[in-house]
Amino acid sequence: KQEVTQIPAALSVPEGENLVLNCSFTDSAIYNLQWFRQDPGKGLTSLLLIQSSQREQTSGRLNASLDKSSGRSTLYIAASQPGDSATYLCAALNQGGSEKLVFGKGTKLTVNP
Amino acid sequence: NAGVTQTPKFQVLKTGQSMTLQCAQDMNHEYMSWYRQDPGMGLRLIHYSVGAGITDQGEVPNGYNVSRSTTEDFPLRLLSAAPSQTSVYFCASSYSPRVGTEAFFGQGTRLTVV
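Residues numbered from 1 in each chain as written. Chains lettered and ligands numbered in written order. Predicted model: local features only at pLDDT ≥ 70, side-chain atom pairs only at ≥ 80, totals over all residues. Heavy atoms only, no water.

Draft legend 1. How the structure looks around the overall build of chain A. Summing up its helical and strand segments, chain A has zero helices and eleven strands in all. Reading chain A from its N terminus to its C terminus gives the helix and strand order β-β-β-β-β-β-β-β-β-β-β. Scaling as 2.2 N^0.38, a compact globule of 113 residues should have a C-alpha radius of gyration of about 13 Å, and chain A matches this with 14 Å. Across the 113 residues that make up chain A, the buried fraction comes to 45%. Expressed as a percentage of contacts within chain A between residues at least 6 apart in sequence, the contacts between residues at least 24 apart total 54%. Summing over all exposed atoms, chain A offers an accessible surface of approximately 5,200 Å²; the carbon and sulfur share of this is 47%. (Helix = DSSP H or I, 4+ residues; strand = E, 2+ residues; numbered from the N terminus. Rg over C-alpha atoms; globule rule 2.2 N^0.38 Å. Buried < 20%, exposed > 50% of the residue type's maximum accessible area, 1.4 Å probe, protein only. Contact = heavy atoms within 4.5 Å. Areas by Shrake-Rupley, 256 points an atom, 1.4 Å probe, with all protein chains shown as cover.)

Draft legend 2. Layout of the interface of chain A and chain B. At the junction of the two partners, chain A supplies 21 residues and chain B supplies 22 residues. In total, chain A and chain B occlude about 1,700 Å² of area from one another, counting both sides; carbon and sulfur atoms represent 53% of this. Linking chain A to chain B there are zero salt bridges. The interface formed by chain A and chain B includes six residue pairs in polar contact (both at pLDDT 80 or more). Among the elements that take part in the side of chain A that touches chain B, strand E4 (residues 30-38) of chain A stands out by supplying five residues, more than any other. Here the side of chain A that touches chain B is composed, by residue class, of eight nonpolar, eight polar and five charged. (Buried area = accessible area lost by both parts, 1.4 Å probe. Salt bridge = Lys/Arg side-chain N within 4 Å of Asp/Glu carboxyl O. Polar contact = N/O pair within 3.5 Å; in protein donor to acceptor, adjacent residues only side chain to side chain. Nonpolar A, V, L, I, M, F, W, Y, C, P; charged D, E, K, R; others polar.)

Draft legend 3. Layout of the nonpolar core. Judged by nonpolar contacts, the single largest core of 23 residues is most densely connected at Val4(A), Leu33(A), Trp35(A), Leu75(A), Ile77(A), Tyr88(A) and Leu109(A). Listed by contribution, the elements that provide at least two residues to this core are strand E3 (19-25), E4, strand E5 (44-51), strand E7 (62-67), strand E8 (72-77), strand E9 (86-94) and strand E11 (107-112) of chain A. Among the nonpolar cores identified, the runner-up in size contains 19 residues, and Met32(B), Val60(B), Val66(B) and Cys91(B) belong to it. (Core = buried A, V, L, I, M, F, W, Y, C linked by side-chain atoms within 4.5 Å.)

Draft legend 4. The sheet that holds strand E6 (residues 56-59) of chain A, seen in detail. All names here are of chain A. Taken together, five strands build an open sheet; the order of strands is E1-E3-E8-E7-E6 and the sheet is antiparallel. Strand pairing shows two members of the sheet lacking a second neighbour, strand E1 (4-7) and E6, which therefore form its edges. This sheet shows a mean twist of 15 degrees between the axes of neighbouring strands, independent of strand direction. Examined bridge by bridge, E6 and E7 share four bridges and lie antiparallel to one another. Looking at E7, one finds that threonine 58 is bridged to asparagine 63. (Pairing = 2+ DSSP bridges. Axes fitted to C-alpha atoms, helices over the stretch in contact; angles between N-to-C directions.)

Draft legend 5. The arrangement of the layout of surface pockets in detail. Considered as a void within the structure, the largest pocket measures approximately 640 Å³ in volume. If you trace the largest pocket, you find 31 residues lining it, with Gln38(A), Pro40(A), Gly41(A), Gln37(B) and Arg110(B) closest to the centre. At the level of secondary structure, the elements contributing two or more residues to the lining of the largest pocket comprise E9 and E11 of chain A together with strand E4 (31-38) and strand E9 (87-94) of chain B. Considering every element that reaches the lining of the largest pocket, the biggest residue donor is E11(A), with four residues. For the lining of the largest pocket, a count of residues per class yields ten nonpolar, 14 polar and seven charged. The wall of the second largest pocket is formed by 20 residues, among which Gln2(A), Val102(A), Phe103(A), Leu43(B) and Glu59(B) lie closest to the centre. Within the residue set of the lining of the second largest pocket, elements represented by two or more residues are E1 and strand E10 (101-103) of chain A together with strand E5 (42-51) of chain B. No other element matches E5(B), which puts four residues into the lining of the second largest pocket. (1 Å grid on protein atoms, 1.4 Å probe; cavity = no way out; pocket = protein on both sides within 12 Å on 5 of 7 lines; lining within 4 Å. Points joined across faces, edges and corners; volume = space filled by probe spheres on them.)

Draft legend 6. A look at the side chain of Ser49(B). Residue and element names in this part refer to chain B. Inspection of the secondary structure puts serine 49 in strand E5. At a separation of 2.9 Å, a polar atom in the side chain of serine 49 contacts the main-chain carbonyl oxygen of glycine 51. A polar side-chain atom of serine 49 sits 2.8 Å from a polar atom in the side chain of arginine 68. With residues near it in sequence (within four places) discarded, serine 49 still touches Glu30, Tyr31, Met32, Ile54, Thr55, Arg68 and Phe74.

And the structure:
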């Protein structure tokens, strides 16, 4: 059974800092790994999707990497801003008959001005 | 482009009442699913559908029914609401999970059962 873990559960940083959010998964048989952002009381917004054959994806100040062999993905945020404050969720899409997203519990990020 | 639309956004039910949460997508996606999000538990899959006429159970299906009569719509029915079903419900869709396409989520329905 796939298990997805995100550490830390919460992170507080000063504005301008570069930071890394971690996601680990136990089953490497995945189609892709997706990073989402969730603002309080809102839905999930897709940030980056990394296919299983890819090593990284970039969008603006965001860079996500994937290492299937070690069961790890990271989300790198450059030059953080207060507007980046949100909960970040990663989800692995399993292969093999139960094609469903398995979510981590998220990292709550606070960027202080 | 509307994406994934959920209605209602908020709902309060009394124990034992029934209701239907609506979900519609306009992207011609094959795959649709329902999740619930609870504090400390993360998002858990309730039911999913890989196409019109095909549904299957997820991790926490008890107390919920679904049907998929069209590609666009995937309603979630609570047959007899219980306080344990107080949660935020999210509907998601993707073109096809079997080729690893991106999942899109609705804005959620906040349900309180009293």
